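Fold and geometry: a report
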Amino acid sequence: MSLPLLALFLAAFAFGTAEFVIAGVLPDVALGLGVSIPVAGYLVSGYAIGIAIGGPALAVLSKKMNRKLLVILLGLGFTIGQALCAIAPNFELLLLARIFVSVLHGAYFGIAFVLATSIVPPERRGFAMALILSGLTVSNVLGVPGGTAIGTMLGWRATFWAVGLLGLAATLVIAAVLPARAGSGAAQGSFRREFAALGRQQVFLGFLIAILVMTGQYSLFTYIAPLLLTVTGVGSQAIPIILLLFGVGATVGVFIGGRLADWRLMPSLIAILTLQTTLFVSLYFAAPYSVPMSIAVILWGGATFAFGSPLQSRMLLWAADGPNLTSALIPAGFNIGIAVGAVLGAALIEAGLGYQALPLIGAVSLAFAVVIAAFSAFLERRSSTVPPLPAGVPAQ
């Protein structure tokens, strides 16, 4: 495992912590700024919108910049954004600072995927992708509890200062160890090729799969705490433990998915999606029972995060001649699914079907994802086309 990959992982960990740690300090933020908790919740939705809209726009506008310089500037901007969050005198300015950071977040992950896969051999691209993605899962396991503990001891503003220092440290490491020409081919692609890449079925169907998977995931995960309390019947003190186990399963799943992507990419993706479908059905039946539910949650976390590396590796493989827009839109697709899933889950609850019915959304959504993935593989086998060469690489 190379130092440049570890540096990119550390920055991904910082960005992931910045996104998710707000959940741990949200009541304190609301109290400190004199707003209600539902209003403070816009700090979460505003961040997701910034990723989905601003991230791709920034990535395309900066596509001609040197990749290393760009990722350093994003890290410095992240540090400044966290400082602005820490000193924000009111809710409105804190929201604007969070949106500013989220735009950088969306651009960073798109660029980090390209950088990570450009500095490893082709047979290690799945692992490289998994390492970047694991920054998000590890941020849930370590960053969020750590940031919450800092906020509890020193106040919520200290949490933002700590995350900002983490981002600055990652940026300095990237500046020291990332090769100057890493990802240089991505900066040579034209806007025409960027948009042409989106039209390939492996790419646009990949976005649809990502949206369906995250819709199923967050229709349940958004409301996992009340489900565990009211349906499973666990005590409130057990919920952090179960969510920690989910995070551990997710981290393991990311690396399993990366290995499978390097082994047999498309068959692995279809198998993982099929497993996810089965697990959502299992969650529906296991929900009233604490031990089976805890086991199912761990497996669910692993399977859910295992799909990311194969899916994104395939999409970037087929967008190699114009990866900037595709890579920047990947986080946007995920966040669209998150938003849709949360809304569908709320609608199901308000319709009176109850929390236990939430896994059924995931089962249906993942079943569609399996069908689309199988159809995409079928179309690829029928076609005589091959993945494009990266920009700047001459044809043999």
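The structure we're discussing is the one just above.
Residue numbering note: each chain is counted from 1, following its sequence as written. Note on the predicted model: pLDDT of at least 70 is required for a residue's local features to be given, and 80 or more for side-chain atom pairs to be given and counted; whole-chain, interface and lining totals, by contrast, use all residues. Note: side-chain values were computed over all heavy atoms of the structure, leaving out hydrogens and water.

**What to know about helix α7 (residues 125-154)**
Every helix listed is a DSSP run of H or I at least four residues long, and every strand listed is a run of E at least two residues long, numbered separately from the N terminus. A helix is expected to span 1.5 Å multiplied by its residue count minus one. In a regular helix each residue adds 1.5 Å, so 30 residues correspond to 44 Å; α7 covers 41 Å between its end C-alpha atoms and thus fits that length. Fitting axes to the seven residues ending at a residue and to the seven starting there, one defines the bend at that residue as the angle between these axes. Ser-139 marks where α7 bends most, by close to 50°. Two residues or fewer past α7, Gly-155 is found with a positive phi of approximately 100°.

**A short note on the packing of helix α10 (residues 201-221) against helix α13 (residues 265-286)**
All axes here are fitted lines through C-alpha atoms, helices being fitted over the stretch that makes contact, and every angle between N-to-C directions spans 0 to 180 degrees. Between α10 and α13, the least distance of the axes is 12 Å, while the angle of their chain directions is 20°. Our classification of the angle between α10 and α13 gives roughly parallel. When the axes of α10 and α13 are compared, the crossing they make is left-handed. When α10 is examined against α13, the residues Ile-209, Val-213, Gly-216, Gln-217 and Leu-220 are found in contact with a partner set consisting of Leu-273, Gln-276, Phe-280 and Leu-283. Working rule for angles: under 35 degrees goes down as roughly parallel, over 145 as roughly antiparallel, 65 to 115 as roughly perpendicular, anything else as oblique. Left-handed describes a crossing in which the near helix is turned anticlockwise from the far one by less than a right angle; the clockwise case is right-handed. Whether two residues are in contact is decided by their heavy atoms, any of which lying within 4.5 Å being enough.

**Remarks on a nonpolar patch on the surface**
Two distance rules govern patches: like charges are joined within 9 Å, and nonpolar side chains (Val, Leu, Ile, Met, Phe, Trp, Tyr) within 5 Å, applied only to residues with over 30% relative accessible area and no salt bridge. Computed by Shrake-Rupley with a 1.4 Å probe, the accessible areas treat only the displayed protein chains as cover when residues are assessed. Salt bridges, as used here, are contacts in which a Lys or Arg side-chain nitrogen is within 4 Å of a carboxyl oxygen on Asp or Glu. Among the surface-exposed residues, Ile-80, Leu-84, Ile-87, Phe-100 and Trp-161 lie close enough to one another that they form a single nonpolar patch of about 500 Å² accessible area. Take the nonpolar patch: its biggest share by element is 3 residues, from helix α5 (residues 67-87). In this structure, Ile-80 sits in helix α5.

**Things to note about the nonpolar core**
In these notes, a set of buried Ala, Val, Leu, Ile, Met, Phe, Trp, Tyr and Cys residues joined through side-chain atoms within 4.5 Å is what counts as a nonpolar core. Relative accessibility thresholds used throughout: buried, under 20% of the residue-type maximum; exposed, over 50%; partly exposed, between the two (1.4 Å probe, protein chains only). Counting 96 residues, the largest nonpolar core has Tyr-108, Leu-273 and Phe-307 as the members making the most contacts within it. When neighbours within four sequence positions are excluded, Tyr-108 is seen to be in contact with Leu-8, Ala-11, Ala-12, Phe-15, Val-71 and Leu-74. With 16 residues, the next largest nonpolar core counts Val-25, Leu-33, Ala-40 and Leu-94 among its residues.

**Considering empty space enclosed by the protein**
Using only the protein atoms, space was sampled on a 1 Å grid; points where a 1.4 Å probe fits but cannot get out form cavities, open sets with protein on both sides within 12 Å along at least five of seven lines form pockets, and lining residues are those with an atom within 4 Å of a point. Grid points are joined across faces, edges and corners, and a volume is the space filled by probe spheres set on the points. One pass over the full model with this rule turns up 1 cavity of 30 Å³ or more. The wall of the largest cavity is formed by Ala-11, Phe-15, Val-71, Gly-75, Phe-78, Tyr-108, Gly-167, Ala-170, Thr-171 and Ile-174. Contributions of two or more residues to the lining of the largest cavity are made by α1 (3-20), α5 and α8 (156-177). Residue contributions to the lining of the largest cavity peak at 4 residues, all from α8. Note on residue classes: Ala, Val, Leu, Ile, Met, Phe, Trp, Tyr, Cys and Pro are nonpolar, Asp, Glu, Lys and Arg are charged, and everything else, Gly too, is polar. For the lining of the largest cavity, a count of residues per class yields 7 nonpolar, 3 polar and no charged.

**Quick notes on the packing of aromatic side chains**
A pair of Phe, Tyr and Trp rings is counted when the ring centres sit within 6.5 Å of each other, with Trp represented by its six-membered ring. The angle between the planes then sorts it: under 30 degrees is stacked, over 60 is edge-to-face, the rest tilted. Tallying each qualifying case throughout the model produces 10 aromatic pairs. Ring plane angle 55° and centroid distance 4.5 Å describe the contact between Phe-15 and Phe-78, whose orientation is recorded as tilted. With Phe-15 in helix α1 and Phe-78 in helix α5, this residue pair connects regions lying 63 residues apart in the sequence. Per residue, the accessibility class of Phe-15 equals that of Phe-78, and both read buried. Ring geometry for Tyr-108 versus Phe-109: centroids 5.4 Å apart, planes at 85°, classification edge-to-face.

**Some points on the packing of α10 against helix α16 (residues 323-350)**
Relative orientation of the contacting elements α10 and α16 amounts to 35°, with a least axis distance of 7 Å. Two packed elements cross with a definite hand, and for α10 against α16 that hand is right-handed. Class assignment for the residues of the contact of α10 with α16 results in 14 nonpolar, 7 polar and no charged.

**Looking at the environment of Leu-269**
Structurally, Leu-269 can be placed in helix α13. A relative accessible area of 0% means that Leu-269 is categorised as buried. Taking C-alpha positions, Leu-269 is 30 Å from Val-21, a pair spaced 248 residues apart along the chain. Among all residues touching Leu-269, those that are not within four sequence positions of it are Phe-307, Pro-310 and Leu-311.

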